[in-house]
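Geometric and topological summary
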Amino acid sequence: MQVSYSRLWKLLIDKKMNKTALKEVAGISNSTLAKMGKDETVSMEVIGRICDALNCRVEDVVEIIPKDKE
């Protein structure tokens, strides 16, 4: 399973926020933010905190990209 946080980065641009501001309002660590920058998985708790802080839905933050079945 692969994840993409590109929707989150676009949302931050729309809200005129940067990643540092997101880290502060959502209460997430630098290492978690770095993992998200590399499109690595993070816990649902983190996703939930981001959604609460930005007043958005999970699908506004993360997209699950299924592996191609060959």
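Just so we're clear, the structure is a prediction, and the values are computed from it rather than from any experiment.

1. Examining helix 1 (residues 6-14)
Considered for burial, the residues of helix 1 that qualify are Leu 8, Trp 9, Leu 11 and Leu 12. The arc that holds every buried residue of helix 1, seen down its axis, measures 160°, which confines them to one face. Facing away from the buried side of helix 1, by more than 90 degrees, are the exposed residues Lys 10, Ile 13 and Asp 14. Buried residues along helix 1 sit against helix 2 (19-26), helix 3 (30-37) and helix 4 (44-54). In the segment just after helix 1, Lys 16 is the residue with positive phi, at about 55°.

2. Concerning the environment of Leu 33
Secondary-structure assignment places Leu 33 in helix 3. The exposure class assigned to Leu 33 is buried, which follows from its relative accessible area of 12%. As for Leu 33 and Asp 60, which are separated by 27 residues in sequence, their C-alpha atoms are 16 Å apart. Each residue touching Leu 33, except ones within four places of it in the same chain, is listed here: Trp 9, Lys 19, Leu 22, Lys 23 and Ile 28.

3. Focus on the state of the cysteines
Under the definition given, this model contains zero disulfides. Among the cysteines around Cys 51, which has no disulfide bond, Cys 56 carries the closest sulfur, lying 4.2 Å off.

4. So, the packing of helix 2 against helix 4
Remark: helix 2 packs on helix 4, axes separated minimally by 9 Å, with the N-to-C direction vectors making an angle of 100°. Here helix 2 is positioned roughly perpendicular relative to helix 4, judged by the angle of their axes. Across from Leu 22, Val 25 and Ala 26 in helix 2, the residues of helix 4 making contact are Arg 49, Ile 50, Ala 53 and Leu 54. Of the residues belonging to the contact of helix 2 with helix 4, the class tally is six nonpolar, no polar and one charged.

5. Considerations on the nonpolar core
Side chains of a nonpolar character, in soluble globular proteins, are inclined to be buried together. Within the largest apolar cluster, 20 residues are counted, with the highest numbers of intra-cluster contacts made by Tyr 5, Leu 8, Leu 22 and Ile 50. For this core, the elements supplying multiple residues, two or more each, are helix 1, helix 2, helix 3 and helix 4. Broken down by element, the residue count for this core peaks at five residues, all from helix 4. Setting aside anything within four residues of it in sequence, one finds Ile 50 in contact with Leu 8, Leu 22, Ala 26, Ile 28, Met 36 and Val 61.

6. What about the pattern of salt bridges?
Going through the model one piece at a time under the given rule, you end up with four salt bridges. Put simply, Asp 60 and Arg 57 hold a salt bridge, and the shortest N to O gap is 3.4 Å. What you see here is one network of salt bridges that share partners, running through Arg 57, Glu 59 and Asp 60.

The rules behind the values
- Residues numbered from 1 in each chain as written.
- Predicted model: local features only at pLDDT ≥ 70, side-chain atom pairs only at ≥ 80, totals over all residues.
- Heavy atoms only, no water.
- Buried < 20%, exposed > 50% of the residue type's maximum accessible area, 1.4 Å probe, protein only.
- Helix = DSSP H or I, 4+ residues; strand = E, 2+ residues; numbered from the N terminus.
- Arc of directions from axis to C-beta.
- Contact = heavy atoms within 4.5 Å.
- Disulfide = S-S within 2.5 Å.
- Axes fitted to C-alpha atoms, helices over the stretch in contact; angles between N-to-C directions.
- Parallel < 35°, antiparallel > 145°, perpendicular 65-115°, else oblique.
- Nonpolar A, V, L, I, M, F, W, Y, C, P; charged D, E, K, R; others polar.
- Core = buried A, V, L, I, M, F, W, Y, C linked by side-chain atoms within 4.5 Å.
- Salt bridge = Lys/Arg side-chain N within 4 Å of Asp/Glu carboxyl O.

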